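Chain residues, written in single-letter form:
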Amino acid sequence: MEGVDHLAHERNKAQFDVAVMKAVWAGSRDAYELFHRFSRLVANDPEMFIPAIKAQATEEQQKQWLPLANKMKIIGSYTQTELGHGSNVRGLETTATFDPKTDEFVLNSPTLTATKWWPGGLGKIATHALAHARLIIDDKDYGVHGFLVQLRSLDDHLTLPGITIGDIGMKYGSGAYNTMDNGSLIFDHVRIPRNQMLMRLSQVTREGKYVPSNVPRQLSYGTMVYVRQKIVFDASIALSRAVCISTRYSAVRRQFGSHNGSPETQVIDYKTQQARLFPLLASAYAIRFVSEWLNSFYKDLLQRLEAKDFSTLPEAHACTAGLKSITTSVAADGIEECRKLCGGHGYLTSSGLPELSAVYIPACTYEGDNVVMLLQVARYLMKTISQLKSGNKPVGTTAYLGRAEQLMQYHSDVLRAEDWLKPNVVVEAFEARAARMSMACAQNLSKFNNPEDGFQELSADLVEAATAHCQLIIVSKFIEKLQQDIPGKGVKEQLGVLRSIYALFLLHKHIGDFLSTDCITPKQGYLANEQLRSLYSQVRPNAIALVDAFNYTDHFLSSVLGRYDGNVYPKLYEEAWKDPLNDTSIPDGFHEYVQPMLKQPLHHGRL
Ligand SMILES: CCCCCCCC/C=C\CCCCCC(=O)SCCNC(=O)CCNC(=O)[C@H](O)C(C)(C)COP(=O)(O)OP(=O)(O)OC[C@H]1O[C@@H](n2cnc3c(N)ncnc32)[C@H](O)[C@@H]1OP(=O)(O)O
Ligand SMILES: Cc1cc2nc3c(=O)[nH]c(=O)nc-3n(C[C@H](O)[C@H](O)[C@H](O)COP(=O)(O)OP(=O)(O)OC[C@H]3O[C@@H](n4cnc5c(N)ncnc54)[C@H](O)[C@@H]3O)c2cc1C
């Protein structure tokens, strides 16, 4: 029935102020108002290019290029990855050789594997590329730098001489990511003026002298730091969208349990459904809050960089790389789990979930493969530990490693299931687990003569240690969020429940880590699980209101199963009838191919 709210009885169960929770989810009341007024930002925003210019171009270059990019007079593509090299940026092969006679750089792709491959917008639309290439002066290789290269005529959009561009072809699924023209590009001795090398961080003079910057070379990777922190925020959107669909549908869907004609059981009431769904609901909130924190950390980094304070750059890199990795993996896996939670209907395009999954899963790869990113975190952790000996006191997200000795002695004092609700009890257990895993890696590394050999050999353990560290950050930031003043009836209580679910679910999932590092006993692990079950029951009456707090419109969700009004079945049926196969009752080709078979004579009563 139109106009009837089939989920009203669920909404009436809520024990908290949903309007206030909407503002908490949005970040502030103002952010909520803004969000309410404006439609969502489109994920594949072609402005990727612009942050890179801001980060790497001189003021003069910015004055020249940014107005053009902002007014869409030029369309740029961030062109870094090559056919043979993605993760290993230092291994890129494209060259930009300085020609002192003409005061130009000559861009060239010396091999097939040097072909630029993947950059978004490059295949068909971009007029310019921010191309990453090795700077060569007098046969000397100065490593990878950024160059602005015009690709296509601004008059007729035809490619310029020496440039071969194409689209790299269809991608996973048939959905929206195929509307993105990820491209391939070969340079054949393409000339650009010297002032089109981005020279904020290092310069090449008219005489061909390389002037290295007095700032860390890692600043040239600044765009990746910027985009990675954006991707963490994006993960909260993608996961919460899937969770919203799956939670609403789980309250609508009924299976089994009918007695004497009573309705069947709502599948959301099955404990197994809750144990799969509610941790994802909690994860969506956890990722949202950690992304909020990461964004403020990033803003602080920018202010420091302005003042030539580079002290937090390594931590910013480790946090953005690690959180990008953890949150996109959780979101990608979570979307797939949400699809399964919707049973067969989840596999229909009209559920919105297959499309969301196909568009989202490359987030685990782009802007840094997730394992490669965790290995960067592991390097940072190992470096931090190695500096402990020289009295360096770690700060920020690694401050706990400064208490490593104490954490090595830690044994959880949990006696009852409710003890696991205390934030300090949880944080200590997560700190001890992360510290012990990292310390064990550091100790094993010290047995190798060549640290790089050791790093390779132990890389699987290092990834696990990095994961434990990143999970600790997320748990801690959730706890810190709740230390803020949050008004509204029941809002803080509900967030407290979600915080505990998030932490205890992780503890349950990684129980092997906690037990093998001797941080908790099997009995304490059992108590954590007992507490988790009781928390699921507390979330149950609030589940629909907690996803309503995301404030997503039906248009944004694009899902028959996730409709706000829960009116799923008539709409599913209606959607099916929009399938072009249903335009005619006899399918194309039936008369040509199927009917002749049906008309073949029977032999002895058989075909
Ligand atoms: C604009 C809005 C965006 C909205 C976003 C939401 C939606 C997005 C939707 C679609 C977007 C799709 C975008 C996709 C775009 C791309 O994929 S662009 C290509 C991205 N490519 C990568 O991410 C490559 C990954 N590889 C790397 O980052 C590096 O090669 C590496 C870090 C793995 C290794 O670099 P290398 O120089 O070889 O490093 P090391 O020798 O290991 O390290 C040297 C030191 O530098 C430190 N470091 C490394 N990276 C950074 C960094 N980014 N910032 C600061 N510092 C860094 C590293 O820790 C080492 O430090 P130490 O010497 O102290 O140990
Ligand atoms: C949808 C999409 C959009 C993209 N957009 C852009 C763009 O706009 N611009 C751009 O320049 N690029 C873009 N890329 C490219 C993207 O950044 C790279 O694909 C990404 O950085 C991963 O690099 P790779 O493909 O070389 O993976 P590889 O490094 O080849 O990864 C293959 C496997 O090797 C493993 N591996 C690699 N190195 C190590 C190591 N050191 N230790 C252990 N394991 C390792 C990885 O974990 C992975 O399992 C895009 C990619 C995708 C999928």
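Every chain is numbered independently, its residues counted from 1 as its sequence is written. Labels follow written order: the first chain is A, the first ligand is 1, and so on. Local features are withheld for residues below a pLDDT of 70 in this predicted model, meaning they are given only at 70 or higher, and side-chain atom pairs are given and counted only at 80 or more; totals for whole chains, interfaces and linings count all residues.

Caption draft 1: Up close: the site of ligand 2. With respect to spatial proximity, 20 residues lie near ligand 2, and among them Q80, T81, G86, S87 and W118 are the closest. Secondary structure is summarised from DSSP: a helix means a run of H or I of at least four residues, a strand means a run of E of at least two, and numbering begins at the N terminus for each. Of all elements in the fold, only β1 (76-79) and α10 (370-388) reach the threshold of two or more residues within the shell around ligand 2. Only Asp, Glu, Lys and Arg are considered charged in this grouping, and only Ala, Val, Leu, Ile, Met, Phe, Trp, Tyr, Cys and Pro are considered nonpolar; every other residue, Gly among them, is considered polar. Of the residues contributing to the shell around ligand 2, the split by class is eight nonpolar, 10 polar and two charged. Marked domain ranges trace back to an automatic or database domain assignment. For the shell around ligand 2, the domains that each give at least three residues are domain 1 (74-215) and domain 2 (222-546). The rule is simple: place the C-beta atom from the backbone, and if it lies within 6 Å of a molecule or strand, the residue is near it.

Caption draft 2: Examining the UniProt feature "binding site: FAD" (unreviewed entry) in the protein chain more closely. UniProt positions are given in the numbering used here, feature names are shortened, and annotations may be inferred rather than shown by experiment. With numbering aligned to this structure, UniProt lists the feature "binding site: FAD" (unreviewed entry) at T81 and G120. The annotated residues occupy 40 residues of the chain but converge on a single region, no pair of C-alpha atoms lying more than 10.5 Å apart. Position of T81 among the secondary structure elements: in the loop between β1 and β2 (95-99). Exposure remark for T81: the 18 C-beta atoms within 10 Å place this residue in the partly exposed category. Placing C-beta atoms from the backbone, we regard two residues as in contact once those atoms come within 7 Å. Ignoring anything within four residues of it in the chain, the contact list for T81 reads G86, K116, W117, W118 and P119. Along the chain, G120 falls in the loop between β4 (116-117) and β5 (128-137). Residues are called buried when their C-beta atom has 20 or more other C-beta atoms within 10 Å, exposed when it has 12 or fewer, and partly exposed otherwise; all C-beta atoms are positioned from the backbone.

Caption draft 3: Structural detail: the domain arrangement of the protein chain. The domains assigned to the protein chain are domain 1 (74-215) and domain 2 (222-546). The gap between the C-alpha centroids of domain 1 and domain 2 is 37 Å. At the interface, eight residues of domain 1 touch eight residues of domain 2. Looking at the side of domain 1 that touches domain 2, its residues break down into five nonpolar, three polar and no charged.

Caption draft 4: Structural detail: the UniProt feature "domain: Acyl-CoA oxidase C-alpha1" (unreviewed entry) in the protein chain. Annotation from UniProt places "domain: Acyl-CoA oxidase C-alpha1" (unreviewed entry) at residues 221-382. Annotated as residues 221-382, this span is 72% helix and 2% strand, and its ends, taken at the C-alpha atoms, are 21 Å apart.

Caption draft 5: Quick peek at the sheet that holds strand β8 (residues 183-187). Two strands are said to pair when DSSP picks up at least two bridges between them. Ordered by their spatial adjacency, three strands build an open sheet running β4-β8-β7, and the pairing between neighbours is antiparallel. In the strand order of this sheet, the two ends are held by β4 and β7 (163-167), each with one partner. Strand direction decides the pairing type here: β4 and β8, joined by two bridges, are antiparallel. Residue W117 lies in a different strand from β8, and its bridge partner there is S184.

Caption draft 6: Just unusual backbone geometry, in detail. The phi angle at M72 is positive, at roughly 60 degrees, despite the residue not being glycine. By the secondary structure assignment, M72 is in the loop between α5 (59-70) and β1. For M72, a count of 11 C-beta atoms within 10 Å gives the class exposed. A positive phi angle, near 60 degrees, is found at K308, a position not held by glycine. Its place among the elements puts K308 in the loop between α7 (271-306) and α8 (313-341). By the C-beta count within 10 Å, which is 8 here, K308 ends up exposed.

Caption draft 7: Up close: the packing of helix α4 (residues 49-56) against helix α6 (residues 222-252). Interaxial angle, 0 to 180 degrees, is taken between N-to-C directions of lines fitted to C-alpha atoms, where a helix line uses only the stretch in contact. Orientation of α4 relative to α6, taken along the N-to-C sense of each, is 135 degrees, at an axis distance of 9 Å. When the interaxial angle is binned, α4 and α6 end up oblique. The element α4 and its partner α6 pack so that their crossing is right-handed. Facing P51, A52 and A55 of α4, the residues of α6 in contact are G222, T223 and Y226. Comment on the angle field: the value is read as roughly parallel under 35 degrees, roughly antiparallel over 145, roughly perpendicular from 65 to 115, and oblique elsewhere. Two helices that cross are described as forming a left-handed crossing if the nearer one is turned anticlockwise from the farther one by less than a right angle, and a right-handed crossing if clockwise.

Caption draft 8: Focus on the site of ligand 1. Around ligand 1, the surrounding shell holds 32 residues, and the nearest of these are V89, Q218, Y221, H317 and G368. Here the shell around ligand 1 gets six residues from one element, more than from any other, and that element is α6. When residues of the shell around ligand 1 are sorted by domain, at least three fall in each of domain 1 (74-215) and domain 2 (222-546).

Caption draft 9: Here's a closer look at the pairing of strand β3 (residues 104-108). Covered by surrounding structure in β3 are F105 and L107 only, the residues E104, V106 and N108 on the alternate face being uncovered. Sheet topology note: the β2/β3 ladder contains five bridges and is antiparallel. In the sheet register, T95 faces β3, and the bridge partner there is N108. A loop of four residues connects β2 with β3, the two strands running antiparallel in sequence, and D103 in this loop sits at a positive phi of about 60 degrees.

Caption draft 10: View of α6. Compared with an ideal rise of 1.5 Å per residue, which puts 31 residues at 45 Å, α6 spans 46 Å between its outermost C-alpha atoms and is within 8% of the ideal. Where burial is concerned, most of α6 is hidden: 29 out of the 31 residues are buried. In a helix, the anticipated span is given by 1.5 Å times the number of residues less one.

Caption draft 11: How the structure looks around the confidence of the model for the protein chain. Confidence per residue, as judged by the predictor, is encoded in pLDDT with a range of 0 to 100. Averaged over all residues, the pLDDT of the protein chain is 95; the fraction at 70 or higher stands at 97%. Here the predicted complex scores 0.95 on pTM and 0.97 on ipTM.

Caption draft 12: Main features of the packing of α6 against helix α9 (residues 353-360). One way to put it is that α6 packs onto α9 with a least axis distance of 11 Å and a crossing angle of 165 degrees. Taken together, the axes of α6 and α9 are roughly antiparallel relative to one another. The two elements α6 and α9 meet at a crossing, and its hand is left-handed. In this structure, α6 contributes A238, R241, A242 and I245 to the contact, and α9 contributes L353, L356 and Y360. Per-class residue counts for the contact of α6 with α9 are six nonpolar, no polar and one charged.

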